[in-house]
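Single-letter residue listing:
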Amino acid sequence: MSDLDQFRQTVNAWLEENCPPSQRIPITREEQVWAGKNKTFPSSDAKLWFERMRDKGWTVPEWPIELGGGGLDEQHAKILKEEMKRLGCRTPLFDLGIWMLGPAVLEYGTDEQRQQHIPKIARGEVRWCQGYSEPGAGSDLASLQTRAEDKGDHFLVNGTKIWTTNADKADWIFCLVRTDPDAKKQEGISFLLIDMDDAGVSTTPIELISGESEFCQTFFDNVKVPKANLIGELNKGWSVAKSLLKHERKLMAEIGGDTPGPSFSPIQAAIEYIGLDQSGRLKDIGIRDELVRHEMAFRAIGLTHFRSFEERMNGVADNNVPLIMKYVGTEESKRKEEVLMAILGHRALGWYDDEFNVDELLTNRGWLFSKALSIAGGTSEVQLNIIAKRVLGLPD
Amino acid sequence: MTLVLNEEQRLLKDTAKDFLNSAMPVSALRQLRDKKDSLGYSREHWQQMVELGWASMVLPEAYDGLDFGYMGLGAVIEESGRTLAASPLFSTVVLCSTIIVEGGNEEQKSILLPRIAAGDLNMALALEESPHHQPSGFTTTAIADGDDFIIQGEKLFVLDGHSAEQLIVATQLETGVGLFIVDANSTGISRRRHHMIDSRNVATISFDQVRVKASALIANAKRGQDILNTAMDYGRVCIAAEMLGGAIECFERTVAYLKERDQFGVKIGSFQALQHRAAKMFIELELSKSVVLDALSAIDDKRADLPQLASLAKARLNDVFELVTNEAVQMHGGIGVTDELEIGFFLKRSRSATQILGNSGFHRDRYASLCGY
């Protein structure tokens, strides 16, 4: 038996023994365990499952063991992911620190910074949020204006960040700030970590079209930030941010298919809400065509994820493929939501009422939520610019 | 399942590319077209393809084949799509030899397959009867008459039909579908070659009381449709591979043109209106590569979801080849509509290939039905 098969067996046995049955049914948003100083658990099983995974280092399977990770390489980590998926094991811990900041600190941080932040992320002790966009800096992120002035032993930060997801619940924020107002756009920017408890930091929530308000605006009013919180070199924050954006885009492409939404698949919904004719076809041929176009595109995207992974494993990676996934994953997710809305007809239009069941209400929430997918983490238009210039080499 | 070519397959693809670029560039098809070549392909080039092992590549070793698999043949066919190389490879090897391998008896296999492997026998599948692909319910009949069958009917859009020496005819038996091997020069058969938009080789074939021996039956009513379905799915995947090659070639030529053509004092490739459209084509092509590779591996692994993958691949490549050829013409501007530029050959081939074994509507309908809706 190969090393990988052996590992698969071990993983499977461990999961079978350690993942409580209640943690193997699909998770709802309310049941997600988010990192933080004041973490709460929806159940004792969720706590147990989190603690077992944490002790194994499997909240962050690919991070170094000495920093609280699992020390697995990509192939072994994939097996863990596959086995968890097969058994239906829930993700034990949610945090932007795991998905975004951690990889950047591992790549750009000093030893002290790694020691300070990585183990806490691995153990879910700190909840992170992101401070990139500003009211006047969206797609043109490099025009950001939040300033960090050098005051000798510390930076003095003034300005505001928008779309800071869950900032009202976060313990720390990682920010892009302007440290050299005279330099050209990208060149005067630094990457700074700020404790949300510091004096002068405040947040207010933003209500969205879906009725949710997990996004916030965060304000910095003469906030003193220690010099030790600078990640990477001064004025070189743009390269840290770019590397981190890659993680965000990958995440956006992956969660694309996993936005808050109803429990049924589009096909199940279509059979229930439209029905089949005697030949076994959906009775509405227009919607049937829209549905099958989506399903076929979705399968092509899945196969492309798989091809990209296989190419990396075989050392023939085409680095251009991951670049297309953010665009195509989010655009297809939006199309799926449109198809679902069409399938449910006016049953998808209820806002709140006992008349509508949870799946019906979640259908329009999911649809509205999906509109942000092709905006957050780099708009679709910016993605196309990147492909045109970086991949195809088209001129400026 | 794997979506990456192995070392041997990559080597094969490179060899194919070199050969096709030097011996059979698009200008070779132009020559065949301009001199109204009676065969529609070059016998000499076909012989060279046979020597490279392309005719025997997917045949079983027991019948002089190389048993190398469709991942390999697909890579070769993709390359042949880049230069629009005309040959009997698709009709003879992919369609007809599959029917013989899957359905033929020992005698049929041992007589026909080694000849196909050696490039000595060209065959064509007589299938279509209406302006659109129809994989069942044939009006061409085969009626038992003593030990023989009498075939009556007309077949349209028979690929390589006028140059093939043997035909496989899809007929309606009393119950089910019968597939017959028929000598193309039998009494009662008349063949009319047509000059098509893509300069390739297609015929209308009439069967007027054509008498064949019962031993010419490859697959009887019980298995005929199944075997035909398998061969058609192999064909759909392989023609999709060809279309992928054509679309990639057309796209690369267009991107090169965007970097070279000046208007308003700048390269036209600097215009965002064109950049975004080019980026979208790139994305569609990347997805198409994955789909074609998975469909080819579904053939090699004899996977049960081959019908789905075949429809996925054919529908996608119909759409993508159409998109890319239309955009290629538009982005080339005035020169794009001239016969001098080779882009027109790709445009024409894309529409022709779309009609082979099912347009996008056919395959989306089939995919949905296969998935239970």
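Because the structure is predicted, anything quoted here is derived from the model rather than measured. Note on numbering: residues in each chain are counted from 1, in written sequence order. In the order they appear in the text, chains get letters beginning with A and ligands get numbers beginning with 1. Totals for whole chains, interfaces and linings use all residues, but because this is a predicted model, local features are given only for residues with pLDDT of at least 70 and pairs of side-chain atoms are given and counted only at 80 or more. Computation of side-chain values: all heavy atoms of the structure, hydrogens and water removed.

Asks: Explain the domain arrangement of chain B to me, please; I cannot follow it from the model alone.
Replies: By a widely used convention, the size of an interface equals the accessible area lost when the partners come together. All names here are of chain B. The assigned domain composition of chain B is domain 1 (7-121), domain 2 (124-222) and domain 3 (225-370). For domain 2 versus domain 3, the separation of C-alpha centres amounts to 30 Å. We call two residues in contact when some of their heavy atoms are within 4.5 Å. Opposite the 18 residues of domain 2 that make contact, domain 3 presents 16 residues. Defined in terms of a 1.4 Å probe, buried area is the accessible area two parts forfeit on being brought together, summed over both. Across the domain 2 to domain 3 interface the summed buried area is about 1500 Å²; carbon plus sulfur atoms make up 65%. Salt bridge, as used here, is a side-chain nitrogen of Lys or Arg placed within 4 Å of a carboxyl oxygen of Asp or Glu. Inspection of the region where domain 2 meets domain 3 yields two salt bridges. Salt-bridge contacts for Arg-200 lead to Glu-242; the nearest nitrogen and oxygen are separated by 3.7 Å. For the purposes of this description, domain bounds are those given by an automatic or database domain assignment.

Asks: Would you take a moment to explain the pairing of strand β7 (residues 201-213) of chain B for this structure?
Replies: Remember that side chains alternate between the two faces of the sheet whenever the strand is regular. Residue and element names in this part refer to chain B. In the sheet, strand β3 (residues 148-159) pairs with β7 via nine bridges, with the strands oriented antiparallel. In the sheet register, Glu-154 faces β7, and the bridge partner there is Ser-206. Two strands are said to pair when DSSP picks up at least two bridges between them. Numbering goes from the N terminus for both helices and strands, where a helix is a DSSP run of H or I of at least four residues and a strand is a run of E of at least two. In this sheet, β7 lies alongside strand β6 (residues 189-195) in antiparallel orientation, the contact comprising seven bridges. Counterpart to Arg-191 in the pairing with β7 is Ile-205. Hairpin connection, β6 to β7: the antiparallel pair is bridged by five residues, and Ser-199 has positive phi, about 65°.

Asks: Just to check I follow, could you spell out the packing of helix α3 (residues 74-87) of chain A against helix α8 (residues 285-313) of chain A for this structure?
Replies: A pair of packed helices is captured by two measures, namely the crossing angle of their axes and the spacing between those axes. All names here are of chain A. Taken N-terminus to C-terminus, the directions of α3 and α8 make an angle of 145°; their axes are 11 Å apart at the nearest point. For the pair α3 and α8, the contacting residues are Glu-74, Gln-75 and Lys-78 in the first and Phe-306, Phe-309, Arg-312 and Met-313 in the second. Gly counts as polar in this scheme, as do all residues outside two lists: the nonpolar Ala, Val, Leu, Ile, Met, Phe, Trp, Tyr, Cys and Pro, and the charged Asp, Glu, Lys and Arg. Split into classes, the residues belonging to the contact of α3 with α8 amount to three nonpolar, one polar and three charged. Interaxial angles span 0 to 180 degrees and are taken between N-to-C directions of axes, which are lines fitted to C-alpha atoms, for helices over the stretch in contact.

Asks: It is not clear to me how the side chain of B:Thr98 should be interpreted in this structure. Could you clarify?
Replies: All names here are of chain B. Topologically, Thr-98 is positioned in helix α5 (residues 89-103). Using a 1.4 Å probe on the protein chains alone, a residue whose accessible area is under 20% of its type maximum counts as buried, one over 50% counts as exposed, and one in between counts as partly exposed. Judged by relative accessible area, Thr-98 falls into the buried class, the value being 4%. Each polar contact in these results corresponds to two N or O atoms within 3.5 Å; when the atoms are within protein, one needs to be able to donate a hydrogen and the other to accept it, and residues that are neighboring in sequence are counted only if both atoms are side-chain atoms. Within the local environment of Thr-98, its side chain forms a polar contact with the backbone oxygen of Val-94, the two atoms lying 2.4 Å apart. Dropping the residues within four chain positions of it, Thr-98 is found in contact with Tyr-70, Val-93, Ala-231 and Tyr-234.

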